[in-house]
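Breakdown of the fold
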Amino acid sequence: MKHITAIIQARMSSSRLPGKVLMPLGDVPILELIIRRLRLVKRIDTIIVATSDGAEDDPIAQLCATLGVAVVRGDLHDVLTRFNLAVEQYPSQHYIRITADCPFTDPDLINNLIDSHLSSNADYSSNALHPTYPDGFDAEIFTCHAFNKTLLSANKQYEREHVTYFIYTHPDIFVINSVNGVCDKSSYRVTVDTQEDYIFVNNLVRDIGMNSIDIRFKDVVDFLDSCPVEYFINSNEIRNSGLQKSICEEKI
């Protein structure tokens, strides 16, 4: 059996929507919702939240203590180093990376990603390399070996801020596996990065009419497929805009 650890990156100091990871969706904070969803993935052995050592992130640590979830705390800006603290403290063969702005993280999609990753003997697998799933269902998994090589090789600031960028942009070094959906639903956005995103996902939970913990990918897509264009109040947001901003700033 392969030991698999999920690491959730979470911080309160989002520049566009501070405190978003603890905002409620339904009656559950977004971070708690993600943790509860990951606990439904039987292939995951350990769940860890990686946050900063700043006082502003104490509420994240407090929530995790309440939920009985391990926390590692490190540098706010050097996310790669912070992630490495989790790797050092919780050795595993494979690591799943989830960001705490994806409240609809789907256990079934995670299971499919794990199966594809292990069967392909890949160093890195993702369902967002060639997006077909809505923004907000992103997940990736990689080997400990791939991460350790990245830790030694990644030296640009954006490579250290965005943990896996070095891996998936070096197919000459790593075996990369892309997992795609049957239909392209990548135009839908159910991540939470702005106030409009937050309003949108709350509207979505309300209008689907299910408990937020029970909503799955199919429920989201089936509902959104029937919605008029006016429903999509956050449609102007660009996918992975934070990564693109980091790259541009370093090249200036």
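The model shown is predicted, which means the values in this text are computed figures rather than measured ones. (Residues numbered from 1 in each chain as written. Predicted model: local features only at pLDDT ≥ 70, side-chain atom pairs only at ≥ 80, totals over all residues. Heavy atoms only, no water.)

Some thoughts on the overall build of the protein
Heads up, the condition is: Secondary structure elements follow DSSP: runs of H or I no shorter than four residues count as helices, runs of E no shorter than two count as strands, and numbering proceeds from the N terminus. Within these notes, the globule rule equals 2.2 Å times the number of residues to the 0.38 power, and the radius of gyration is based on C-alpha atoms. Think of it in three bands: residues with accessible area under 20% of the maximum for their type are buried, residues over 50% are exposed, and the middle band is partly exposed, with areas taken using a 1.4 Å probe on protein chains only. Whether two residues touch is decided by their heavy atoms; if any such pair falls within 4.5 Å, the residues are in contact. Charge convention: Lys and Arg are scored as positive, Asp and Glu as negative, and His as well as the terminal groups of each chain are ignored. For the purpose of locating charges, the reference atoms are NZ of Lys, CZ of Arg, CG of Asp and CD of Glu.
Within the protein, the secondary structure is distributed over ten helices and nine strands. A compact globule built from 252 residues should have a C-alpha radius of gyration of about 18 Å, and the protein, at 17 Å, falls within 12% of that. By its C-alpha atoms, the protein is 50 × 45 × 40 Å across when sized along the principal axes. For the protein, the proportion of its 252 residues judged to be buried stands at 55%. For the protein, contacts bridging at least 24 residues in sequence account for 71% of all contacts bridging at least 6. Positive and negative side-chain charges in the protein, numbering 23 and 34 respectively, have mean positions lying 3 Å apart.

Here we look at the layout of surface pockets
For clarity, the threshold we go by: A 1.4 Å probe that fits into a set of points on a 1 Å grid over the protein atoms alone but cannot get out defines a cavity; an open set with protein on both sides within 12 Å along at least five of seven lines defines a pocket, and lining residues are those with an atom within 4 Å of a point. Grid points are joined across faces, edges and corners, and a volume is the space filled by probe spheres set on the points. Think of it as three bins: nonpolar holds Ala, Val, Leu, Ile, Met, Phe, Trp, Tyr, Cys and Pro, charged holds Asp, Glu, Lys and Arg, and polar takes everything else, Gly as well.
Roughly 190 Å³ of volume is contained in the second largest pocket. In terms of lining residues, the second largest pocket is bounded by Tyr133, Gly181, Val182, Cys183, Lys185, Phe217, Lys218, Val221 and Asp222. Of the residues contributing to the lining of the second largest pocket, the split by class is five nonpolar, one polar and three charged.

Regarding the side chain of Asp135
Stated formally: Identification of polar contacts relies on pairs of N or O atoms within 3.5 Å, with a donor-acceptor requirement for protein atoms, meaning one able to donate a hydrogen and the other able to accept it, and with residues adjacent in sequence counted only if both atoms are side-chain atoms.
Here Asp135 lies in the loop between strand 7 (124–126) and strand 8 (140–143). For Asp135, the side chain forms a polar contact with the side chain of Arg189, separated by 3.2 Å.

Re the pattern of salt bridges
Where charged atoms from two side chains of opposite charge come close, those side chains can pair. The condition that has to hold: Salt-bridge detection follows one rule: a side-chain nitrogen of Lys or Arg within 4 Å of a carboxyl oxygen of Asp or Glu.
Scanning all chains against the criterion turns up 15 salt bridges. A salt bridge links Asp58 to Arg73, with the nearest nitrogen and oxygen atoms 2.9 Å apart. Note that Asp58 is positioned in helix 2 (residues 58–67) and Arg73 in strand 5 (residues 70–74), a separation of 15 residues in sequence. One salt-bridge network, held together by shared partners, links Arg16, Lys20, Asp101, Asp193 and Glu237.

A look at the nonpolar core
Rules: For the purposes of this section, nonpolar cores are sets of buried Ala, Val, Leu, Ile, Met, Phe, Trp, Tyr and Cys residues that join through side-chain atoms within 4.5 Å.
In this structure, Ile8, Leu31, Ile44, Phe104, Leu204 and Leu224 are the most contacted members of the largest nonpolar core, which totals 58 residues. Where this core is concerned, the elements lending two or more residues are strand 1 (4–9), helix 1 (30–38), strand 4 (46–52), helix 2, strand 6 (94–99), helix 4 (107–120), helix 8 (195–208) and helix 9 (217–224). With 21 residues, the next largest nonpolar core counts Ile48, Leu80, Phe142 and Ala146 among its residues.

Describing the packing of helix 3 (residues 79–89) against helix 5 (residues 144–153)
Just so we agree on the cut-off: Orientation is described by lines fitted to C-alpha atoms, with helices fitted over the stretch in contact, and by angles between N-to-C directions that extend from 0 to 180 degrees. Angles below 35 degrees are treated as roughly parallel, those above 145 as roughly antiparallel, those between 65 and 115 as roughly perpendicular, and all remaining angles as oblique. The hand of a helix crossing depends on one turn: near helix anticlockwise from the far one by less than a right angle means left-handed, and clockwise means right-handed.
The interhelical angle for the contact between helix 3 and helix 5, taken along N-to-C directions, is 140°, at an axis separation of 11 Å. Judged by the angle between their axes, helix 3 and helix 5 are oblique. In this structure, helix 3 meets helix 5 at a crossing whose hand is left-handed. Residues Leu80, Phe83, Asn84 and Val87 of helix 3 lie in contact with helix 5, whose contacting residues are Cys144, Phe147, Asn148, Thr150 and Leu151. The residue inventory of the contact of helix 3 with helix 5, partitioned by class, reads six nonpolar, three polar and no charged.

Section: the state of the cysteines
To keep things clear, this is the line we draw: Note on disulfides: each one is a pair of cysteine sulfur atoms within 2.5 Å.
Tallied over the full model, the rule gives zero disulfides. Lacking any disulfide linkage, Cys64 is separated from the closest cysteine sulfur, that of Cys102, by 16 Å. Residue classification places Cys64 among the buried residues on the basis of a relative accessible area of 0%. A residue is classified by how much of its surface remains accessible, and Cys102, at 4% relative accessible area, is buried.

Quick word on the packing of aromatic side chains
By convention here, two paired aromatic rings are described through the distance between centres and the angle between planes. Basically, it comes down to this: Geometry of aromatic contacts follows a simple scheme: Phe, Tyr and Trp rings, the Trp one being its six-membered ring, pair when their centres are within 6.5 Å, and the pair is stacked under 30 degrees between planes, edge-to-face over 60, tilted otherwise.
One pass over the structure, following the stated rule, counts 14 aromatic pairs. Each ring, one from Tyr158 and one from Tyr165, has its centre 5.3 Å from the other, and the planes form 85°; the classification is edge-to-face. Tyr165 matches Tyr158 in its accessibility class, with the two residues each being buried. Their ring planes at 5° and their centres at 5.6 Å tell us that Tyr188 and Phe232 sit as a pair that is stacked.

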